[in-house]
Amino acid sequence: HIDTVNITVPRNTGSEWDESGDEDDDVGLKEAYDKSEDGCIVKLVVTGMEVKKAIDWLEKIATSVYNGLMGIETTPSSALPSRGSSGALNGTSTSDAPALVHTTEVIIPRTIVDEVKKKYFTLKGYCYNTDVSFSHSDSKSKQFAKMTLSAELEGDLHRALEYLNTELTQMCLLAGAPMTSIGVYKDLGFLGGELSSDDFRFLFLSGRRSSSKTTTECSEDLRSSTFAKSFEEANRCSIWVQAEEDMGRVSHNRIINEANPNKPRKIFFGVAPSRLQVLWGYLKTRILDLTRGVQFLHLGSDRIYQRALLEPIKKNGRPGTNNYFFDFVQKTSGASVRIDSITGSSHLRIDGGDASQGGEAGSRAVNEKIDVAEELISLQIELLRDHHIRKQRWGFGRDWALLLDSDHVNRNKNNNPSSPKIGEGASGSTSTHQDVSTTHAAASKPTSTADSLRLSDPRAVGTACLEISEIVTGAGLSEKVAAHACIIFYRYINLLLPSHANDNSLNTSFKLRDIQLASLFIANKSQKVVKWKRLEAVLEHAYRVFYPGSFFNPESEEAKNWERRVIKAEKTVLSALNYDVFWPGVDWVINAVVGTKAMAEPLAENAMALALSGHVLAAGPVLWLKYGPKYAFAAIAGFLSIDIEPLFPALSLQPLTVSHAAELIYQTCQALSKVKKSVVLQSKHELFSDSNISLMGMNIQQVQKDCVTYISKHQGAQTIDDSKFVSSPAYKEISERAKLRCVFRGVRSDKIEEKILPVLGKICFESKCTIRFSDGMLEGTNDIVLEGSWKALSIAEQLLCFVASLPAPVPFEQSVAQNAMLYSALAGVHAPQHDLKPPGDNDNVIKQVKIQPGLLDMKKIDGKHGWYGTFDDSSETPYDAGWKTCVAAYAPQEHLDLAGLRWWVPHQYGPSLSGSLCEIFSSPKLINHDSVDMRALALLAQSFAGGYSRLQAKYPALASFLSGPEGEEAQESDRSVVAISLQRWPPEKIEMKERSTSGQNMQMGYSVAALQEMQLLHQLHFLIPSPQGHPNFILPLAIALDSESSNEDEKESSAAPGSSTTPSITANNKAANDILAMIERNQRAAGKRQMVSGSHLVLEPTPINLQKVMSRYQRKNNGGAIIPSAVLASWCHDILSAISFCHSNHIILRSLLPDQIHLDHSGTAKLSGLSKVMVLHGKDRTKEFDPLKFVRSKKGKDHNTEDVEPFAAPELLLGGTRHTKETDMWAFGALLANLLLGKQLFPGKDRVSKMTQVFKIVGVPEKDNYERAKRFPFYSNNMYVIGDEGKKKKYSRGVEKALRHMLRAFGSDHEEDFSGLRSLIDGLLHLDPKKRMTADEALRHQYMMNHSAHVERQEFRQNYVKDWLDLKENVLTKGKSSKSTIRDSFGGGGGGKSRSMEQQKSETTPPMNGGGGSAEKELKRKAFLIGASSSGGGVDDGDDLYNLDDLLGPSSSKKPKFSEM
């Protein structure tokens, strides 16, 4: 039944609708009124049983009547425009009048075409009032089919599309149709609309034609389009456009509908049909924006900084002072910036105005605004990157856990060529954990393709890991070697996988087994737990595994050929990985589990041994590179039915990741059970047997259940931050030493700009302190935040106070509390606890990965001119920085940037706490009276970029503000070199020894000592959750490689006589000439040592070592001078902390030589030379060794004539061969005594003379004084002192008494100052090893406890700074200046600038004094110092007990030998 109601609305009141009615009715009335020509509207009310059919009939009649009245011809292909859309559902109709038929298209993948045809009539029957038919796909590849849908009513068409979407999706699921990376089925889509060819290229190809396709894909490859990729990720859809190469079909032997460059392109979306209109509207909006000149900056991997860009910067909490970076950009450039709403976090929308208006000049102005805005954004991102990367680990190597994508294995398993590459768009030297740059140095190009090595077959890779495990077992090596080898193997093949491989990689004849054995050989040489196996032994055991029952002949041609291939493969692996072949080991996992009592030690060791077995090692790179050994350990514990709940907090595990790790292991065991049984698994555990695969399936369900249960009990447990994991509370305490902070509050901004900023880099360099700035509480003020160790803070505090006359700083926590109280008073409310954190102080580090591990080229490093041109160049007296085994050098900043070491370049601007450009101190000065000083901003960018030329290359728009004379001046004054220290890697003597033994057997390959030293340093630093690692070990920042040819060239050039810096010899005085000739020869020899050749470790700038200090502070050289007590106590604590850390990790130092102990600019002692250490085997770590069971034979050569180490323990001097923790503690005590006295406590040129002195101080072997010493093979009566009556003198123990007596030579004041140190040395120097203090006991000694308490006192810190700076000046200037001149370099507190690099390089030759008698005396003094002995011979102190002349004889002045690094 249909009723009609007439509604009349006058035209002049058409907008006055009754708002009391339904809103939908109002919209319908308004729309009907707009279409009415006379203002009359007829409302039809339909009632009855078939209301829908009646409405459909009415719509058809109304459309037919309207077309008839308007004279519109209807065609079957016309379509009705969608309401509110700029195009039709298919984008083809542009008529204002409604069409009769609505038409759209659907593409379906070839895999389900047959199924669709089978169910065609069923599908068509459910598409009510809609015509469904197949149409020509016009595709040459026939990879998809096309269906056309048409309906008279739009609603019918939409309902049909929704139904088809459900059915087609179900068919794809059952057929296993391929999917895209975002989970959308490939080649399944619905038509959204048509774009002109120009708009299509403008939107997706940026005006560029797509490259020629090498595949037969039917769709356009839009992966290179950042917009398409981001659009799909943000909207969870796929964009499908038929490729031009695929267009056309063959009909009657001719091609029809072939591609036309100007033909419109149809856009299909893989998405639910209800979202088609929205997505199509997004595309049309984007085209309109691009047309008017809007630019979209693709962030790519830098999208992790989006939150930081949007974060408001509070001006120290003052109300209403929030600052946003995008507001600053708009104020600076004139272009507005916001997050693109269409692509989400992937793009920034930069709008500089309408470029279509104003002609060419207007377009140019808009582009200039956008260019400045883009460079400001790029600069801000680089500042944030630099800020956060400095909070991550500084050591050499990549963090492989961040390099892998979570679905890495699935992409390679599916072998999907359309899957996106990892890390598209990564910039700089860092990236995110999801996007990793594929750009590698030329040296890191893989030498074989993945196909030739069968890397696409996971079973081949798994079998390779099984074989590695079996070879290690057969060779008697630790299972940790197998794990290390597999990790190196995974790292290398990860570079060769399709998602990482370079298209230009070279094809070689390497086989998979060559890479296996090379990885194993590297891991074998890197460990020190057991003696490493030579190559012939490794090949022999490999032959048994590869060819069971065959005999290996090392002399055969096959063996020689195998040797050459493995050595060549080793070089290739090291080069491809940029020497990043080191790993942290697994001991830290067991220590953490046992330390927290989460698992008993025997059970933990058994579980770890099983986790390092072949089947688990074969689980793939995701488990071993991304997750790490702790997840493999937890998964295996679950398989063994061990309660894994305590492991989650103990190891900071993410439950879902543990579940996935268990799945990976289970899937690997399933895959390996199907491979051929050619590998004889001698070490196969019953858990991995074929009969227990089903049992593992049951266990994995239990593991997953435990993970879910833990998540439900502990909310948020699935988001644990692995980076905050600490294996021991003691290690966290060590890491906190370098994170102390204090604050100078309320410093005037003009004072900072005039006095502090010009010398900021110099202060940071001299103190090793990190200095940042934040806004002060009051306008025009800033807070200066200092961070570092107590030594670094003390030095920086005094230098800042001297430069700018600042008051004393306050502790950081106290400053935060005071600021919170002041802010509360200003606001009138009480500040909540969560607001106590100062602005910008955020512990959350944005994780990013170093793409390059840090590999430098020695040819680009200057090791001949010290640190000239860097911050350490302001003293008029030439510094003697560095020594023979640790050379002072500098590297160009550009070279460091390319090697991924930009984060190590010292700050040359005022960094902020948050890294925000708005909070950097220079930024407030940029804005003056609502305008921006662009030149100041450009100078800031230049200081960060590292040079004017680099500024022009990276920030051309900002560089334009420095054009002209001002720019040239800025370019000349720019500093672009960075101070570093170089340590030979390996040491020359060790390298020569290795080369001398390499010809006896098969080749050794790369240096064993070099690999072992780096591996140990990597393990030790990994344990400390701090960017610097352990503060008392050298930290290799990079490796500088040098080719053999360049080594020979440099050696020849260094041997060339004469140089431009050698002073000429005059003929005025024969004696003076002889002295000058001696100096010339010594300087030439010194210059020869300083010529840098060979590979080196790149360290932090280290000016001196203990050997140089001991040489300068010898009794006879300095007239009785003594090392200041504060400095000596700090060194004692540093060295003892390093020894304790080594012993707790089962490492024996074996030797403790002063030339292996570095002293950085803050005075912190750091140990090096770890290639000589010994790592205890697991079975030996709990044993008590009897020194008498490890002794030499009395037979053989005269051992008394051998060179002995200066601080060797008595049991070693008496013939013992076993180094223990007790021998380390004796060496430490003897070293402390040498530092205290300025001479050796036990001098001697051979074993007898040294043991004689030992007996005089610590007593002769008696019943109560280690009588067993008499049973050592080298014990002799000649070691006793013979008295006047010919009898042996039996001295009793008197270490403290002897030290007190010898200190009298320095004055009575020092006896009390060093009483605690004397007591500590007394506890260390016992003849009986069991009575000596352990390292932990020594740290708890009262002397050390007092030192820890004193460092909190301001007076002690001031004395330390004065004493250390004076000592450093004295050593660096070789006694020419006994007082520090660093304050003078700051221009008397005025903040004067340093000299230019050109001036510094012109002063490479130290100035000589003038002529006359004073000059001759100076020359004689220099010659005497050059040839003087540094032995510890004593002076006549009037006591026969401590007078050593009766022992040493006439050769007592001989300098003791300290072995080189």
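In short, a report on the structure. (Residues numbered from 1 in each chain as written. Predicted model: local features only at pLDDT ≥ 70, side-chain atom pairs only at ≥ 80, totals over all residues. Heavy atoms only, no water.)

This part covers the sheet that holds strand S11 (residues 295–298). Strand order in this open sheet of three strands is S11-S13-S12, and the pairing throughout is antiparallel. This sheet does not close on itself; its edge strands, each paired only once, are S11 and strand S12 (336–339). Sheet twist, expressed as the mean angle between neighbouring strand axes with direction ignored, is 25°. Together, S12 and strand S13 (347–351) form the strand contacts of helix H10 (residues 325–333), whose direction differs from that of S12 by roughly 155°. (Pairing = 2+ DSSP bridges. Helix = DSSP H or I, 4+ residues; strand = E, 2+ residues; numbered from the N terminus. Axes fitted to C-alpha atoms, helices over the stretch in contact; angles between N-to-C directions. Contact = heavy atoms within 4.5 Å.)

For the rest of this paragraph, the subject is the pairing of strand S21 (residues 886–892). With six of seven residues buried, S21 lies mostly within the body of the structure. Of the strand pairs in this sheet, S21 and strand S24 (residues 977–984) are connected by seven bridges, and their pairing is antiparallel. For Pro892, the partnering residue across the bridge sits in S24 and is Val977. (Buried < 20%, exposed > 50% of the residue type's maximum accessible area, 1.4 Å probe, protein only.)

Our next topic: the pattern of salt bridges. For the structure shown, the criterion picks out 49 salt bridges. The partner of Arg544 in a salt bridge is Glu540, with the nearest N and O atoms 2.8 Å apart. Here Glu540 and Arg544 lie together in helix H16 (residues 535–546), a separation of four residues that amounts to about one turn. Put simply, Arg995 and Glu991 hold a salt bridge, and the shortest N to O gap is 3.1 Å. Residue Arg995 and its partner Glu991 are located together in helix H37 (residues 988–998), separated by four residues, close to a single helical turn. Note on Glu991: relative accessible area 18%, which makes it buried. Because the salt bridges share partners, they merge into one network encompassing Arg201, Glu220, Glu244 and Arg265. (Salt bridge = Lys/Arg side-chain N within 4 Å of Asp/Glu carboxyl O.)

Side chains of Ile2, Val42 and Leu44 sit close together on the surface and give an oily, nonpolar patch of about 250 Å² of accessible area. The residue Ile2 is located in strand S1 (residues 2–8) in this model. The exposure class assigned to Ile2 is partly exposed, which follows from its relative accessible area of 39%. (Patch = residues over 30% accessible without salt bridge, like charges linked within 9 Å, V, L, I, M, F, W, Y side chains within 5 Å. Areas by Shrake-Rupley, 256 points an atom, 1.4 Å probe, with all protein chains shown as cover.)

Turning our attention to the pairing of strand S5 (residues 144–151). Summarising burial for S5: eight of the eight residues are buried, a large majority. Residues Phe144, Lys146, Thr148 and Ser150 line one face of S5 and the alternating positions Ala145, Met147, Leu149 and Ala151 line the opposite face, and both faces are buried. Note that strand S3 (residues 102–109) and S5 share eight bridges and pair antiparallel. If you follow Ile108 over to S5, its bridge partner there is Ala145. With six bridges joining them, strand S4 (residues 130–135) and S5 adopt antiparallel strand pairing. Note that in S5 the partner of Ser133 across the bridge is Thr148.

This next bit is on the side chain of Asn1032. Examined against the element boundaries, Asn1032 turns out to sit in the loop between helix H38 (1008–1022) and strand S25 (1038–1041). Engagement of the side chain of Asn1032 in a polar contact is seen with the side chain of Asp1134, the distance being 3.4 Å. A distance of 3.1 Å separates a polar atom in the side chain of Asn1032 from the backbone oxygen of Ala1165. Apart from the residues within four sequence positions on either side, Asn1032 is in contact with Arg737, Asp1134, Ser1137, Ala1138, Thr1164, Ala1165, Lys1166 and Leu1167. (Polar contact = N/O pair within 3.5 Å; in protein donor to acceptor, adjacent residues only side chain to side chain.)

In terms of nonpolar packing, the biggest core is built from 255 residues, with Ile784 and Trp1131 touching the most fellow members. In terms of residue count, helix H14 (residues 479–496) provides more of this core than any other element does, 13 residues in total. Beyond its immediate sequence surroundings of up to four residues, Ile784 is in contact with Cys742, Val743, Phe744, Val747, Ile752, Ile756, Ile771, Arg772, Phe773, Leu800 and Leu806. Counting residues in each nonpolar core, the second largest holds 49 residues, with Leu157, Cys172, Leu188 and Ile342 among its members. (Core = buried A, V, L, I, M, F, W, Y, C linked by side-chain atoms within 4.5 Å.)

Taken as a whole, helix H26 (residues 729–736) has its buried residues at Tyr731, Ile734 and Ser735. Each buried residue of H26 lies within a common arc of 100° when the element is viewed along its axis, so the set occupies one face. Set apart from the buried face of H26 by more than 90 degrees, the exposed residues are Pro729 and Glu733. Turning to H26, the residues buried within the fold contact helix H42 (1125–1144). (Arc of directions from axis to C-beta.)

Before going further, it helps to examine the packing of helix H11 (residues 359–389) against helix H33 (residues 934–945). At a minimum axis distance of 11 Å, the contact between H11 and H33 shows a crossing angle of 40°. With respect to their mutual orientation, H11 and H33 come out oblique. As H11 packs across H33, the resulting crossing turns out to be left-handed. Note on element contacts: H33 touches H11 through Met934, Leu937, Ala941 and Phe944, opposite Val372, Leu376, Leu379, Glu382, Leu383 and Asp386. In terms of residue class, the contact of H11 with H33 is built from eight nonpolar, no polar and two charged. (Parallel < 35°, antiparallel > 145°, perpendicular 65-115°, else oblique. Left-handed = near helix turned anticlockwise from the far one by under 90°. Nonpolar A, V, L, I, M, F, W, Y, C, P; charged D, E, K, R; others polar.)

Moving on, we get to the sheet that holds strand S7 (residues 238–240). Taken in spatial order, the six strands make up an open sheet running S4-S5-S3-S6-S10-S7, and their pairing is antiparallel. Only two strands of the sheet have a single partner each, and these edge strands are S4 and S7. Strand-to-strand twist in this sheet, taken as the mean axis angle between neighbours without regard to direction, amounts to 35°. Across three bridges, the pairing between S7 and strand S10 (residues 265–270) is antiparallel. Of the residues in S10, the one forming a bridge with Ile239 is Phe269. Of the strands in this sheet, strand S6 (189–195), S7 and S10 touch helix H6 (residues 197–205), which is tilted by about 110° from S6.

One pass over the structure, following the stated rule, counts 38 aromatic pairs. A centroid spacing of 6.0 Å and a plane angle of 40° characterise the contact between Trp790 and Phe1356, whose relative ring orientation is tilted. With a gap of 566 residues between them, Trp790 in helix H29 (residues 790–804) and Phe1356 in helix H51 (residues 1354–1372) connect regions that are remote in the sequence. On the basis of relative accessibility, which here comes to 13%, the residue Trp790 falls in the buried class. We classify Phe1356 as buried; its relative accessible area is 12%. An aromatic cluster is defined as three or more aromatic residues linked by ring pairs; in this entry it consists of Phe200, Phe204, Phe227, Phe231, Phe269 and Tyr282. Looking at Arg513, its charged tip hangs above the ring of Phe546, at a distance of 4.0 Å from the centre. (Phe/Tyr/Trp six-rings, centres within 6.5 Å; stacked < 30°, edge-to-face > 60°. Lys NZ or Arg CZ within 6 Å of the ring centre and 35° of its normal.)

Cis rather than trans, the peptide bond between Trp985 and Pro986 has omega equal to -5°. Looking at the element boundaries, Pro986 is found in the loop between S24 and H37. In the Ramachandran plot, Lys142 falls in the positive-phi region, its phi being about 60° despite a non-glycine side chain. Tracing the backbone shows Lys142 in the loop between S4 and S5. You will see that Arg1150, though not glycine, has its phi angle at about 70°, which is positive. Among the structural elements, Arg1150 can be located in the loop between strand S28 (1147–1148) and strand S29 (1157–1159).

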